Amino acid sequence: MAASAQLLAEELQIFGLEWEEAVTEKLAELCVLYGQSEEGMVGELIAFCTSTCKMCVTSEILNSFEHEFLSKRLSRGRARQGVSKDSEHAGARDIVSIQELIEVEEEEETLLNSYTTPSKGSQKRAITTPETPLTKRTVSARSPHQLLSPSSFSPSATPSQKYNSRSNRGEVVTSFGSAQGVSWSGGGGAGNVSLKVLGYPEPLTGSYKSMFQKLPDVREVLTCKIEELGSELREHYKIEAFTPLLVPAQEPVTLLGQIGCDSNGKLNNKSVILEGDREHSSGAQIPVDLSELKEYSLFPGQVVVMEGTNITGRKLVATKLYEGVPLPFYEPTEEDGDCEQTMVLVACGPYTTSDSITYEPLLDLITVINHDRPDVCILLGPFLDAKHEQVENCLLTSPFEDVFKQCLRTIIEGTRSSGSHLVFVPSLRDVHHEPVYPQPPFSYPELAQEDRKRVRFVSEPCSLSISGVIFGLTSTDLLFHMGAEEISSSSGTSDRFSRILKHILTQRSFYPLYPPQEGTAIDYENFYAYAQLPVTPDVFIVPSELRYFVKDILGCVCVNPGRLTKGQVGGTFGRLYLRRPPVGGEGRQSPCAAVQVVRI
């Protein structure tokens with residue numbers, strides 16, 4: 001169809017360009033030659049002139065436009081037509097054309113490789129087509145080393161030399177309880193092991209819309225937390241009533257509120273403020289003088305009951321800080337099964353070293369699982385770490401989701417012979433997963449029917465019942481986050497880890513810090529529903545970059561198993577031996593009989 005020179009002139013006039021008389025006729029010919037409309041051709045020309053800083057269209061500019069832009073696009077269009085021609089027989093022609101393109105590309109790479117030095121060798125890129133996807137190369141294989149193919153998603157899948165040269169494999173670095181006589185081999189799930197996720201009131205099972213919260217909704221959640229904990233503390237300590245924050249009083253008063261900082265900086269003993277509740281203080285704030293307190297441990301977001309003097313109504317001189325009260329422990333029922341003893345293995349990512357993407361530590365962990373056959377394996381993320389060098393630099397050749405699924409398939413199929421129950425907990429550092437807290441469980445619809453009974457995906461955080469023993473699980477580094485914000489004063493020796501863990505249990509929340517650490521996105525409406533402790537756990541798993549440990553805090557066994565890798569070297573994992581306490585014994589006995597942290 002012929003193009004109109006008049007329409008072309010009108011389009012050029014709209015953009016305020018000047019042009020020679022012969023330009024519109026030449027543009028009309030180009031429209032016919034390249035199959036463009038008048039509006040589309042002028043749009044392409046405007047973009048070309050803008051990029052070359054030309055305000056007047058001459059014949060020379062038009063020739064440059066044709067040779068530098070239009071002719072290149074025509075050649076690309078013809079190449080595409082060669083692939084899609086004869087659509088009635090598209091299936092056969094597509095396969096032939098794609099194969100031809102692959103052969104041409106291989107010839108070009110072979111020519112390029114002939115100019116490289118022999119030491120570099122061929123670095124041919126793996127080619128995938130819909131007919132031969134990379135992930136299906138070893139579908140029938142059963143060995144973990146054959147299931148996982150790092151070369152399929154990374155051009156530089158070289159093993160880590162530092163990791164392979166380690167000499168302390170299997171070393172027990174710390175123990176807890178009576179580990180003597182424990183064989184550390186389970187039944188591989190053969191016993192009557194019962195797994196159940198506890199909720200508050202319901203567990204998080206699927207994705208939700210985030211980034212829609214409003215500030216009043218956040219304030220409502222924080223206010224509810226203050227009022228609920230305040231009510232518990234008032235009943236426990238038999239406090240008659242709380243005094244409003246800003247009311248002057250000559251006598252000592254008891255105040256309820258949340259610890260905050262008077263600026264955007266880090267909390268210190270001179271910047272502490274108390275934010276009152278809505279019922280008694282209408283959300284007012286008051287500075288706190290800690291000089292009269294001999295012992296205290298405070299962090300932003302902590303709900304406290306303080307006693308002190310507030311003579312002017314403008315500053316509270318604190319003289320007493322009431323201890324928090326933890327929730328009661330869970331009472332097992334008949335539904336929790338009758339398993340007398342259970343072995344649980346706990347490991348936290350990253351599952352590959354920072355200088356390699358070969359996942360050798362993960363394969364070694366699978367070997368340990370198949371050898372020891374624990375009843376339950378709890379695996380916490382990250383599985384594909386957002387902080388890994390090859391992920392940050394976008395060096396992987398496959399989508400993040402595909403790499404994660406390959407890791408997941410390796411773990412599930414590689415441990416099938418052990419029969420162990422697998423529990424997967426996501427991490428905010430999992431690059432393919434939703435980076436919001438609380439975090440929904442992983443989605444893996446490809447899970448085989450034979451594995452559905454022994455594989456469970458849970459949220460971050462969550463409370464899991466293993467035959468009536470409650471595990472608190474979180475992959476977020478609470479110790480690091482809260483340790484950076486906590487301030488304390490003590491007359492004797494005080495352990496920071498113990499203080500932080502005690503805060504978590506008495507604040508009854510998996511993440512009591514407010515505001516959260518920078519980079520941690522919390523949806524507070526769902527945080528209130530899914531990130532609260534329903535009961536005090538029997539075992540609390542708190543993996544951290546900080547040093548591994550096992551501690552008994554308020555009757556709860558808190559375990560930091562460390563991470564499976566620490567930079568370029570191997571890390572640690574944990575194993576627990578659970579034993580049902582005798583019925584009718586005096587006092588409560590922890591069901592966690594022994595714990596060990598072991599080097600991979």
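The structure this text deals with has already been given above.
Note that the structure is a prediction, hence the values are computed from the model and not measured. (Residues numbered from 1 in each chain as written. Predicted model: local features only at pLDDT ≥ 70, side-chain atom pairs only at ≥ 80, totals over all residues. Heavy atoms only, no water.)

1. Quick look at the pattern of salt bridges
What counts here: Salt bridges are identified by distance alone: a Lys or Arg side-chain nitrogen within 4 Å of an Asp or Glu carboxyl oxygen. Per the convention used, a helix needs a DSSP run of H or I reaching at least four residues, while a strand needs a run of E reaching at least two, with both numbered from the N terminus. Only protein chains enter the accessibility calculation, which uses a 1.4 Å probe; a residue whose area is less than 20% of its type maximum is buried, one above 50% is exposed, and one in between is partly exposed.
The full count for this structure, using the stated rule, is 18 salt bridges. Residue Glu-323 pairs with Lys-502 through a salt bridge whose shortest N-O separation is 3.2 Å. One end of the pair, Glu-323, is in the loop between strand 10 (316–321) and strand 11 (341–348); the other, Lys-502, is in helix 14 (residues 496–507), with 179 residues separating them in the sequence. Residue Glu-323 is classed as partly exposed on the basis of its relative accessible area of 45%. Classification of Lys-502 as partly exposed rests on a relative accessible area of 30%. With a shortest N-O distance of 2.6 Å, Asp-538 and Arg-588 are connected by a salt bridge. Taken as a pair, Asp-538 in the loop between helix 15 (524–530) and strand 18 (539–541) and Arg-588 in the loop between strand 23 (572–579) and strand 24 (592–599) lie far apart in primary sequence, 50 residues in all. Judged by its relative accessible area of 4%, Asp-538 falls in the buried class. The partly exposed category is assigned to Arg-588, whose relative accessible area is 38%. One network of salt bridges, with partners in common, ties together Asp-385, Arg-429, Glu-545 and Arg-563.

2. Here's the deal with the nonpolar core
Cut-off, in case you're wondering: Nonpolar cores are built from buried Ala, Val, Leu, Ile, Met, Phe, Trp, Tyr and Cys residues. Side-chain atoms within 4.5 Å join them into one set. Contacts are assigned to residue pairs with any non-hydrogen atoms lying within 4.5 Å of each other.
Tyr-351, Tyr-359, Leu-365, Phe-424 and Phe-573 are the most contacted members of the largest nonpolar core, which has 37 residues in total. Broken down by secondary-structure element, the contributors of at least two residues to this core are strand 11, helix 10 (360–372), strand 12 (376–380), helix 12 (400–414), strand 13 (421–425) and strand 14 (455–457). Dropping the residues within four chain positions of it, Tyr-359 is found in contact with Leu-148, Phe-153, Tyr-351, Thr-352, Phe-383, Leu-384, Val-403 and Cys-407. The next biggest cluster of nonpolar side chains, apart from the first, holds 30 residues, and it includes Ile-378, Cys-462, Ile-541 and Val-595.

3. Some thoughts on helix 14
Keep this limit in mind: Given a helix with a known number of residues, its expected span is that number minus one, times 1.5 Å. Any N or O atom pair separated by 3.5 Å or less is treated as a polar contact, with the protein-specific requirement of one donor-capable and one acceptor-capable atom, and with residues adjacent in sequence counted only for side-chain atom pairs.
If you check helix 14, its first and last C-alpha atoms are 16 Å apart, about what twelve residues at 1.5 Å a residue would give, namely 16 Å. Among the twelve residues of helix 14, nine are classified as buried, and the element is accordingly described as predominantly covered. Of all the residues in helix 14, the buried ones are Phe-497, Arg-499, Ile-500, Leu-501, His-503, Ile-504, Leu-505, Thr-506 and Gln-507. A distance of 3.2 Å separates the backbone nitrogen of Phe-497 from a side-chain oxygen at the start of helix 14, and that oxygen is part of Asp-495. Looking one or two places after helix 14, you find Arg-508, whose phi comes out positive at around 60°.

4. Some details on helix 10
Between its terminal C-alpha atoms helix 10 stretches 18 Å, which fits the 18 Å expected from 13 residues at 1.5 Å a residue. Looking at helix 10, one finds that the buried residues are Glu-360, Pro-361, Leu-362, Leu-363, Leu-365, Ile-366, Val-368, Ile-369 and Asp-372. One or two positions beyond helix 10, positive phi appears at Arg-373, with a value near 50°.

5. Section: the sheet that holds strand 24
Put simply, the rule is: For two strands to be treated as a pair, DSSP must find at least two bridges joining them. In this analysis, axes come from line fits to C-alpha atoms, helices being fitted only over the stretch in contact, and the angle between any two N-to-C directions falls in the range 0 to 180 degrees.
Reading across from one edge, 3-24-23-11-12-13-14 is the order of the seven strands in this open sheet, with mixed pairing throughout. Only two strands of the sheet have a single partner each, and these edge strands are strand 3 (172–177) and strand 14. Mean inter-strand twist for the sheet, computed between neighbouring axes without regard to direction, equals 15°. In terms of strand pairing, strand 11 meets strand 23 through six bridges, oriented antiparallel. Its bridge partner being in strand 23, Thr-342 is matched across the sheet by Leu-578. Against the sheet, helix 12 makes contact with strand 12, strand 13 and strand 14, and its axis sits at roughly 160° relative to strand 13, the strand it touches most.

6. Section: unusual backbone geometry
Gly-381 connects to Pro-382 through a cis peptide bond whose omega is 10°. By the element assignment, Pro-382 lies in the loop between strand 12 and helix 11 (389–392). The peptide bond linking Glu-460 to Pro-461 adopts the cis configuration, its omega dihedral lying at 0°. Phi at Arg-373 is positive, roughly 50°, even though this residue is not glycine. Relative to the helices and strands, Arg-373 resides in the loop between helix 10 and strand 12. Residue class for Arg-373 comes out partly exposed when judged on its relative accessible area of 33%. In this model, Arg-508 sits at a positive phi of 60°, which is unusual for a non-glycine residue. Relative to the helices and strands, Arg-508 resides in the loop between helix 14 and helix 15.

7. Points about the packing of helix 1 (residues 5–14) against helix 3 (residues 38–51)
Operational definition: Roughly parallel covers angles under 35 degrees, roughly antiparallel covers those over 145, roughly perpendicular covers 65 to 115, and oblique covers all other angles. Working rule for handedness: look at the near helix, and if it is turned counterclockwise from the far one by less than a right angle, call the crossing left-handed; if clockwise, right-handed. Residue classes follow a fixed rule: Ala, Val, Leu, Ile, Met, Phe, Trp, Tyr, Cys and Pro count as nonpolar, while Asp, Glu, Lys and Arg count as charged, and any other residue, Gly among them, counts as polar.
Two elements in contact, helix 1 and helix 3, have axes separated by 9 Å at closest approach and are oriented at 40°. Taken together, the axis directions place helix 1 and helix 3 in an arrangement best described as oblique. Along this stretch, helix 1 crosses helix 3, giving a crossing that reads as right-handed. Every residue of helix 3 that contacts helix 1 at Leu-7, Leu-8, Glu-11 and Leu-12 is listed here: Glu-38, Glu-39, Val-42 and Leu-45. Taken together, the residues that form the contact of helix 1 with helix 3 break down as five nonpolar, no polar and three charged.

Keep in mind these numbers describe shape, not what the thing actually does.
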